[in-house]
Structures are given as C-alpha cells and as structure tokens.
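If you want the building blocks of each chain, they are given just below.
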Amino acid sequence: MLALVKTARDPGHMQLQDLPIPKIEADEVLIQVRACGICGSDLNIQDDQHPYSPPVVVGHEFAGEIVAVGDHVMGWAIGERVVSEQHVNACGHCRQCLTGNAFACRSKQAPGYFSDGAFAEYIKVPAWLLHRIPDNLNFVGAALSEPSAVAAHGVLERTGIEPEDIVLVLGCGPIGLLAAKMALAAGAAKVIITGIERDEKARLPKARALGIDHVVNVTRTELKALVDDLTHGEGADVVIELSGTLPAITQSFQLARRLGKVGIIGQPPVDEVTIPYRQAIFNALTVSFSYSSKFTSWERALSLFERGALDPGQFITHVLPLDEWKRGFDLSRSGEAVKVVLRPS
C-alpha cells in the first residue's frame, strides 16, 4: 500500500513508500482509509517540532471503511463506515482508562505519532475505538471528526458554555473555527474569534462566512476595546485559547470577566509560559487545560454533524490525492487553506 512516512528525525525526511498492508490482531479491524485531514501536528512532525517515533506513517484525522474484522471483534462488520479515536495501546486497567479517560493513559501510542497512522491506504485500529459515521456524512466530512472531538472535549466538556455567554475564541485555525461554531450551538449569545493578517487569506473570511458574530483581525482592531464594548467593561464570560501564541495566552487571562472561565487548548512553542497569575487569582478565574478527546467528545461531534448543527464540509477548502501531499502541506502552511484533506483511496 502507498503511505506517507516520516523516516527519520530532523526536519524533512518525509516520503511516500510502498508498505505491506497491516495485519490485524484478534481485537482489531482493518480500515481502508478514504480521507485523512492534515493537522498542524503533522506539519510539526515534518519540522521535527512534535513528539513522534520514526519511522512512522503520519496522519490521524481519518475516516474509512472496514475491510477486515478480527476473530474476537463483536458488533462491527465489513463495509461499515467508521472513524476512530486515537488511544491505540491504551492499557485498559490504569485509573485513566477505568474512568473513561484513555486519552491520558501513559501507555497510549497515538496513530501518526507513535504507531502507524492514516496517510495510507489502510490502517488497523482496536475495535473499541470505533464510531459509526452518520448516514448524512461523506468520508471527507467525516475526516473532520477528530479535530471536532478535540474541540468538543475542550470547549463543551472541560470548559463549558452556558446559554447567553459571551465567548471569545483566540485563534481561527480549524479547531478555533469549530470551537466558535460549537459555542454558538451551545447557546452562546455572542462569539468573538480572532486572527492576524495572514489569516485574511482564508481563515478570517471563512469565519465571516460561517456567521460568527464578531471576526477580529487583531492587527487592525484593538481587541480589548472591542471586548469591553461588547461586555460593558466586564470581560468575556468564557475565553478559549487556541492560537498557542504567547501574547494570546496572556490575553486569555486578561480578557475574561471576574469569575469567568478560561479554556486552554492551543499548544505554545515553549514548555514554560508566563501568565498574569495574581490577576487570575483576584478575578477567581476557573481555568481548564485540555488536549485530545474521549468517547463522549466523539459522540457529541458526530451528533452535531448528524443533526446539521455543524457542517464539516464548510471547513474543508481543499481535497487532494495522497500523492499530492507536498502541495497539501504547503497549502496548510501558507494560510491559503482552512482544512486540507488527502484521499489515499
């Protein structure tokens, strides 16, 4: 099968290779990958700026069709259309696994990072990680399930949106756009989303087309003044940080109202970040950090798709064959794309 492999450490070292089709274990299924989205972490792996274990097939935002089922698998059949959670090799018996938080298991080896991923014609996964794709959703749209589950976990489950909240989303990447739409679906009165000048190529126009209430280019508009105006000087009820930039992380604490909530999802480029700690204390902020997703996150995202509350096709700007992966990666870096999906088969 054709697969995109990160062959060695250091920047670069990405190439298409012809690999054997994976052999499944008794508790696994083999999936023919029909679509797989390019994530920022894939770009970071290419740049050697994200944890991974080479050689490894990259890619994790996938949707496909079951083509083989292990002997011990029950409840799944060849031909079913599926997406999959990311918790390959989770142990199943630690505190995190037993409480439904396998994403935090120390034994987890996420596909595309530490086990072979989905920029390939086939991938194998444990059957317990699967979710069915709604009938009204095609494979390309279903490839947005993983980032949507990440947004659902961070925004809806860990941070929480209440009806009539004013929500500020810092960062207009794919997960930022999804987070903003989820906040609206959860009953937010107003949603503000931010970007910078390079985001005027695709992401900020997309935010405007999606109907987000206030789309702010922070290089042209003073964000604090806008938030103060919309909230009568109180600050946002909820701030979701999804840019990963150091100034925005600081702002997330400064622009939340007293007794407000801050959800941190964006990943900064350094391990240690300075925040206005005393201000956060005196404002009694509730702060949540979030990464990855869990069973309920996926079910929430797929329900939003099925009910039409969220249309994943609106976020996808380019669909390319796998052999055009370089173009797809370049588009993702350039700011000219919102979400690029590759089709291995």
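Here is what the cut-offs are and how they apply
- Residues numbered from 1 in each chain as written.
- Predicted model: local features only at pLDDT ≥ 70, side-chain atom pairs only at ≥ 80, totals over all residues.
- Heavy atoms only, no water.
- Helix = DSSP H or I, 4+ residues; strand = E, 2+ residues; numbered from the N terminus.
- Rg over C-alpha atoms; globule rule 2.2 N^0.38 Å.
- Buried < 20%, exposed > 50% of the residue type's maximum accessible area, 1.4 Å probe, protein only.
- Contact = heavy atoms within 4.5 Å.
- Areas by Shrake-Rupley, 256 points an atom, 1.4 Å probe, with all protein chains shown as cover.
- Phe/Tyr/Trp six-rings, centres within 6.5 Å; stacked < 30°, edge-to-face > 60°.
- Lys NZ or Arg CZ within 6 Å of the ring centre and 35° of its normal.
- Polar contact = N/O pair within 3.5 Å; in protein donor to acceptor, adjacent residues only side chain to side chain.
- Axes fitted to C-alpha atoms, helices over the stretch in contact; angles between N-to-C directions.
- Parallel < 35°, antiparallel > 145°, perpendicular 65-115°, else oblique.
- Left-handed = near helix turned anticlockwise from the far one by under 90°.
- Nonpolar A, V, L, I, M, F, W, Y, C, P; charged D, E, K, R; others polar.
- Salt bridge = Lys/Arg side-chain N within 4 Å of Asp/Glu carboxyl O.
- Pairing = 2+ DSSP bridges.

## Looking at the overall build of the chain
Each helix and strand counted, the chain has eleven helices and 16 strands in total. Taking 2.2 N^0.38 as the reference for a compact globule, 345 residues should give roughly 20 Å; the C-alpha atoms of the chain span a radius of gyration of 20 Å, in line with that estimate. Dimensions of the chain, computed from C-alpha atoms along their principal axes, come out at roughly 60 × 40 × 40 Å. The buried share of the chain, reckoned over its 345 residues, is 55%. Sequence-distant contacts, at least 24 apart, represent 70% of the contacts inside the chain between residues at least 6 apart. Within the structure as shown, the chain displays about 15100 Å² of accessible surface, and the carbon and sulfur contribution to it stands at 49%.

## What about the packing of aromatic side chains?
This model, assessed by the stated rule, comprises three aromatic pairs. When the centroid spacing of 5.4 Å and the interplanar angle of 75° are considered together, the rings of phenylalanine 103 and tyrosine 291 count as edge-to-face. In this pair, phenylalanine 103 is assigned in the loop between α2 (95–98) and β7 (122–126) and tyrosine 291 in the loop between β14 (286–289) and α10 (295–307), connecting sequence segments 188 residues apart. On the basis of relative accessible area, phenylalanine 103 is assigned to the buried category, the value being 9%. Taken together, the ring pairs in this structure connect Phe119, Trp325 and Phe329 into an aromatic cluster. Over the ring of tyrosine 52 we find arginine 9, and its NZ or CZ is 4.7 Å from the ring centre. We note arginine 132 situated over the ring of tryptophan 76; from NZ or CZ to the ring centre the distance is 3.9 Å.

## Considering the side chain of serine 293
Position of serine 293 among the secondary structure elements: in the loop between β14 and α10. Side chain to side chain, serine 293 and tryptophan 298 meet in a polar contact 2.9 Å long. For serine 293, the contacting residues outside a window of four places in its chain are His87, Phe103, Ala149, Val150, His153 and Trp298.

## Examining unusual backbone geometry
Of note, the amide linkage connecting proline 54 to proline 55 takes the cis form, showing an omega dihedral of -5°. Positionally, proline 55 belongs in the loop between α1 (40–46) and β4 (56–57). Phi angles above zero are rare outside glycine, and histidine 13 is one such case at about 55°. Looking at the secondary structure, you find histidine 13 in the loop between β1 (2–6) and β2 (14–18). Taking relative accessible area as the criterion, histidine 13 reaches 40% and is therefore assigned partly exposed. The phi torsion at histidine 232 lies on the positive side, around 55°, for a residue other than glycine. Structurally, histidine 232 is set in the loop between α7 (223–231) and β12 (236–241).

## Considering the packing of helix α4 (residues 145–159) against helix α5 (residues 174–185)
Where α4 contacts α5, the two axes come as close as 9 Å, and the packing angle between them is 55°. One finds that α4 runs oblique with respect to α5. Read as a crossing pair, α4 and α5 show a hand that is right-handed. For the pair α4 and α5, the contacting residues are Pro147, Ser148, Val150, Ala151, Ala152, Val155 and Leu156 in the first and Ile175, Leu178, Ala179 and Met182 in the second. Considered class by class, the residues forming the contact of α4 with α5 number ten nonpolar, one polar and no charged.

## Notes on the pattern of salt bridges
Tallied over the full model, the rule gives twelve salt bridges. In this structure, the salt-bridge partner of glutamate 80 is arginine 132, at a minimum N-O distance of 2.5 Å. Here glutamate 80 is found in the loop between β5 (61–69) and β6 (81–84), whereas its partner arginine 132 is found in strand β8 (residues 130–132), with 52 residues between them in sequence. Judged by relative accessible area, which is 43%, arginine 132 ranks as partly exposed. In this structure, arginine 208 engages glutamate 200 in a salt bridge whose closest nitrogen and oxygen atoms are separated by 3.2 Å.

## Topic: the sheet that holds β14
Read across the open sheet, the six strands follow the order β11-β10-β9-β12-β13-β14; overall the sheet is parallel. The open sheet terminates on both sides in strands that have one partner only, identified here as β11 (214–217) and β14. Neighbour-to-neighbour, the strand axes of the sheet open up by a mean angle of 15°, direction not taken into account. Note that strand β9 (residues 166–170) and strand β10 (residues 190–195) share five bridges and pair parallel. Residue leucine 170 lies in a different strand from β10, and its bridge partner there is threonine 194. Across the face of the sheet, α5 comes into contact with β9 and β10 while running at roughly 170° to β10. Seen against the sheet, α7 touches β9, β10, β11 and β12 and runs at an angle of roughly 175° to β10.

## Regarding the sheet that holds β4
Pairing within the open sheet is antiparallel, and its three strands lie in the order β2-β1-β4. One side of each edge strand has no neighbouring strand; the edge strands of this open sheet are β2 and β4. Examined bridge by bridge, β1 and β4 share two bridges and lie antiparallel to one another. For lysine 6, the partnering residue across the bridge sits in β4 and is valine 56.

None of this, on its own, says anything about what the molecule does.
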